[in-house]
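If you want the building blocks of each chain, they are given just below.
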Amino acid sequence: MMVETVLSRSVRLICASGLALGMHAAVAQNTDAPIQRVEITGSSIKRISAEGALPVQTLSKLQIEQSGASNVADLIATLPSMQGFTTSSMSVNGGGGGLQTASIHSIGEGYTLVLLNGRRLAPATSGSTVNLASIPLAAVERVEILTDGANTLYGSDAIAGVVNFILKKNQTDAIVEASYNQPRSSGGATSTASISKGWGDLDKDGFNLLLSASHDESKASYARERDFSQSGVIPFTANGKAYSLYQLSSNSIPGVATVKYTKADGTPSSAAFSPNLFATGTCNGANLFKVGNRCLYDYAATVENTPGLKRDSGFASLNFKINENTNFFAEGLISSFSNTAQYAAPAQPLGVPLSSALYAKSIAPYLARLGITNPASVTSVAMNLRLVDAGGRADEYKTIAKHLALGVDGSFKGFDYRAAYTHSENKQTDTAAGGYMSLNAFDALVTSGKFDPFAPPGTSKDVLAPAVLHNQLSETKSKIDMVQASASTEVFQLPAGAAQLALGADFTRQAYSEAPDAFTQGQNKQQPNFTDAIVGGSAGALPIDASRKNWGTYGELLLPVLKNMDLTVSGRYDDFSAVTNDKNFDADGNLIAPGKQGESASKATYKLALRWNPVESVLIRGSYGTGFKAPTMSNIVKPLVNGGSSQFHACPITSASDPRFKLCNPGSSEYGLLTGGNASVGAGALKPEESKQATLGIRVEPISSLSLGFDLWDVKLRNQIQTLSEDLVFNNPAIYDSLLRTYFDPIQKQNVLVAALTPFNLASSHYQGIDWDHTYKTNTTLGKVAVQWTGTFMTKAEQETPGSGVEKNIGRFNSYANVTFRWISKLTASLNTGRFTHALTANYHSGYTDQVYNEDDSVVREVLADGSLGDYVPMKRQVASYTTFDWQTKAQLSKQFTLIAGVKNIADIAPPFTIRNAGGGNQSGYDGRYTDPLGRQFYLTGSYKF
């Protein structure tokens, strides 16, 4: 998409703050001035900058600087309209996998399209989710955010909206920039450095070449460095009473044993204990708490709050005027990004053979103490182990992104046209950087007696070292090749002006592959000679090698209905082929012939948009449209594999006569999860999701210095592809009994109870809210004062699934462990004195209802009058709102040299306490998805131009 330099000014005036009206008046007063038409995100028709019917927000270079963000992901996270995205902290065993994403209005990252100069990037997944970590902030000139569906222009996956990163161009100076950010705590420091140089002015010289390179790095921060996260045992008060969070793990060191046996009356039973506790009378080791007969492990004390990040990027662009009416452009981006996330030491249940020396030494002597009078009644023993001496588990997620786009644009006989080719690649590897072990090597150490899992930690580092893995665990590749062409022109005259028509088409081939190594594949049948697996990691992974093609064609017609009213009508037709899978497996993991899976999908969508100026100082706009989203390739072709551990649940099997009942654990416990795709055809096949979107906005400028803007938006989704939440499956076993299965765990080498979570067209969702953007500017004796208040108020975030009814998700944890905030806002006041610009920003998130627990969940304990801990109790509480203040001063010391100094979170406000920790991974006491654990941060940025 070609966007002229006036866009950063005009779009901000039109679509974000409502100052289009003043601009419109200025154009009317100066009719002799040349009027330049520009292309705005969300439309394929170039138009006069004072026109616009779409809710587009623009982050200018100044606003990017005022955010204090050191990378693109942190910048996007500052926008009130963003909710439900993946943060870097989620890579600390929270499912983030090295990704950082964007999600508009909490609708989801899979529905938010991320573009680079208006063109697609290779996703990090088999759908369209882009890893923001691949985009260097140093190369970004501004960001345009369309908070309305744009399916008819960009394709079927832009239901929630578009985030378009516009990179620098037509720069002729050399610019060197560097920054340093230091939190109050010792961890989490960030440093950045970049250099860019341009040659040639496009207007004067007919060409511009721009080269840019950057490096940035963030050190890890650790839970032990902050009071609010240093333990899983945290005292708190609720309703005037004292309680303590008791978020501990039965996977401990020395190991905890669970003995399953048959009572004299024939009923199955079990007992759990720590053999070392029975032998010594105390818990031996760090981060341990005695609970009954067990020593439980405080894993939250050992993890990172934020991972270590490192990025090296290079960007180049060339713009060349072939003639007065034709331009050639080319741009290339390469980025290497690593996210190294360290969390608790390996935790994995392992079987103890009844014939082993370990059983005879550490289990048999204590059977009578457990009330087991008949040793022959023991059926199995498992140990819950925490291999601290192997080190904390660490994954290095490394992403290599390559992006090339080239093409021509210009005008010919009244037509504005553009043709472009884009090739984009994304490769991610996951390498074991500590803590993971080979199961075969570990078993050999246990069998030989070299390692005693029931001995205290600190004595077996050298013993376990040969079993620790350092290999690449998986490799994911994504690639797109896309050809686009479009043209627009005036087609006929109406009394109010010329009607404009744009037509375009695009063709895309997308490929996606997953290549797990031998350890993560484990005992799958396509590798019959390999039986090893990973201690502390997943097993049973299967490769994917899939591709598909899609093409689309679209049209957009702009009709000036009245002098002060425009109507835009647009439509699109998309066609997706069935997925070709070269690595195809049956339900048992056997490799079968490659071929097509799932079904093809096609659909026509449309959109209507209206812009109306009833008076010069008021702009009213609205839109209504439809959309659809094809299933991702992984939704279809991903084999059913080990999906890790669940949260804590009571056993869903209640009948003792059910064979699966023997696989239950006492009390509340973790169970296994299986995940995979749905490759069915016919009636059971995955079908595209469908959407309806509408917006209604108003921009009012009562005086020239004040602009008020509101946009009401509404998005409805049906046939939504979703997996049932584990809470829903475990809490409703009568309904979802078929998803509760027996699975042979290759690590435990025994059958375990699991829930199989596969996708279906089972959900419908409704999201609704109001975005606002108000601006006030005035001149004072001190300088130019500007105040901007932006925010989002959510009125609906509902999802309906079979068996659970409508789940209202605003201001509470939902069954997927996510929160949709009712209010998010950002207020910035700035003073520009000429040489200095000072800015104060207030950031606000409303509170919400915490995860609700009952006493059987073993999470919260009552604090008794003498300070001791009582029983586990039910808990329902509110998480407090979260407000922070930032300060920044920008000094223009000379024409060449700029210095920026700032403080984030001036008051060092700690994240509000929460008893739910699933969202952020292994951290406890706060939720890293919604808050910043770094606290007060000081930063300094310098820029020199020559």
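Scroll up for the structure.
Since the structure is predicted, the reported quantities are computational estimates derived from the model, not experimental observations.

A. The overall build of the protein, seen in detail. Tallying secondary structure elements over the protein gives 13 helices and 54 strands in all. For the protein, the C-alpha radius of gyration of 29 Å lies close to 30 Å, the compact-globule estimate for 946 residues. Taken over the C-alpha atoms alone, the protein extends approximately 100 × 65 × 50 Å along its principal axes. Residues counted as buried form 59% of the 946 residues belonging to the protein. Taking the contacts inside the protein whose residues are at least 6 apart along the sequence as the reference set, 72% of them involve residues at least 24 apart. When the accessible area of the protein is evaluated, it comes to approximately 36,800 Å², of which 55% is carbon and sulfur surface. Separation between the mean location of the 79 positive side-chain charges and that of the 80 negative ones in the protein comes to 1 Å.

B. Structural view of a nonpolar patch on the surface. Residues Trp199, Phe207, Leu209, Leu211, Leu318, Phe320 and Ile322 make up a contiguous nonpolar surface patch of roughly 570 Å² in combined accessible area. Elements with a minimum of two residues in the nonpolar patch: strand S10 (207-218) and strand S19 (308-323). By relative accessible area, which is 31% here, Leu209 ends up partly exposed.

C. Spatial organisation of the sheet that holds strand S15 (residues 268-273). Judged by pairing direction, the sheet is antiparallel, and its four strands sit side by side in the order S15-S14-S22-S21 without closing on themselves. The outermost strands of the open sheet, each flanked by one partner alone, are S15 and strand S21 (347-351). Sheet twist, expressed as the mean angle between neighbouring strand axes with direction ignored, is 20°. Note: strand S14 (residues 256-262) against S15, six bridges, orientation antiparallel. The partner of Thr258 across the bridge, within S15, is Ala272.

D. Just the nonpolar core, in detail. Val259, Ile363, Leu387, Met437 and Phe442 are the most contacted members of the largest nonpolar core, which has 53 residues in total. Those elements that place two or more of their residues in this core are S14, S15, helix H7 (275-280), strand S17 (294-297), helix H8 (357-362), strand S22 (378-386), helix H9 (439-448) and strand S28 (534-535). Here Leu387 is in contact with Ala345, Pro346, Met437, Phe442, Phe451, Leu464 and Val535, once residues within four sequence places are set aside. Counting residues in hydrophobic clusters, the runner-up holds 40 residues, among them Met82, Ala139, Phe315 and Leu333.

E. Fine view of the pairing of strand S20 (residues 326-342). Burial of S20 is extensive: 12 of the 17 residues sit out of reach of the surface. Direction of pairing for S19 relative to S20: antiparallel, over a ladder of 15 bridges. For Gly308, the partnering residue across the bridge sits in S20 and is Thr340. Taken together, the 17 bridges between S20 and strand S23 (residues 394-412) define a ladder with antiparallel strand orientation. Across the sheet, residue Ser338 finds its bridge partner in S23, namely Lys398.

F. Expanded view of the sheet that holds strand S5 (residues 119-120). Spatial ordering of the open sheet is given by S3-S6-S7-S4-S5, a layout of five strands whose pairing is mixed. Two strands lie at the open edges of the sheet, namely strand S3 (56-59) and S5, each paired on one side alone. Pairing geometry for strand S6 (residues 140-146) and strand S7 (residues 161-167), over six bridges, is antiparallel. Bridge assignment links Glu144 to a residue of S7, and that residue is Asn164.

G. Structural context of the state of the cysteines. The full count for this structure, using the stated rule, is two disulfides. Disulfide pairing is shown between Cys283 and Cys295; the S-S distance is 2.0 Å. Handedness here is read from the sign of the S-S torsion; for Cys283 and Cys295, about -90°, the answer is left-handed. Pair noted here: Cys283 is in the loop between H7 and strand S16 (288-291) and Cys295 is in strand S17, with a separation of 12 residues, a long-range link. When sorted by exposure, Cys283 lands in the same class as Cys295, which is buried. The side chain of Cys651 participates in a disulfide bridge whose partner is Cys664; the two sulfur atoms lie 1.7 Å from each other. Of this pair, Cys651 sits in the loop between strand S37 (641-650) and strand S38 (668-675) while Cys664 is found in the loop between S37 and S38, placing the two residues 13 residues apart along the sequence. Here Cys651 and Cys664 have matching classes, each one buried. Assigning the bonded cysteines of the protein consecutive numbers by sequence position, one obtains the connectivity 1-2, 3-4.

H. Main features of unusual backbone geometry. Of the consecutive residues Ile253 and Pro254, the connecting peptide bond is found in the cis state with omega at 0°. You can see Pro254 is positioned in the loop between strand S13 (241-246) and S14. Of note in this structure, His105 is not a glycine but carries a positive phi near 60°. If you trace the backbone, His105 turns up in the loop between helix H4 (72-77) and strand S4 (112-116). In this model, Asn287 sits at a positive phi of 60°, which is unusual for a non-glycine residue. Counting through the fold element by element, Asn287 comes out in the loop between H7 and S16.

About the thresholds
Residues numbered from 1 in each chain as written. Predicted model: local features only at pLDDT ≥ 70, side-chain atom pairs only at ≥ 80, totals over all residues. Heavy atoms only, no water. Helix = DSSP H or I, 4+ residues; strand = E, 2+ residues; numbered from the N terminus. Rg over C-alpha atoms; globule rule 2.2 N^0.38 Å. Buried < 20%, exposed > 50% of the residue type's maximum accessible area, 1.4 Å probe, protein only. Contact = heavy atoms within 4.5 Å. Areas by Shrake-Rupley, 256 points an atom, 1.4 Å probe, with all protein chains shown as cover. Lys, Arg positive; Asp, Glu negative; His and termini not counted. Charge placed at Lys NZ, Arg CZ, Asp CG, Glu CD. Patch = residues over 30% accessible without salt bridge, like charges linked within 9 Å, V, L, I, M, F, W, Y side chains within 5 Å. Salt bridge = Lys/Arg side-chain N within 4 Å of Asp/Glu carboxyl O. Pairing = 2+ DSSP bridges. Axes fitted to C-alpha atoms, helices over the stretch in contact; angles between N-to-C directions. Core = buried A, V, L, I, M, F, W, Y, C linked by side-chain atoms within 4.5 Å. Disulfide = S-S within 2.5 Å.

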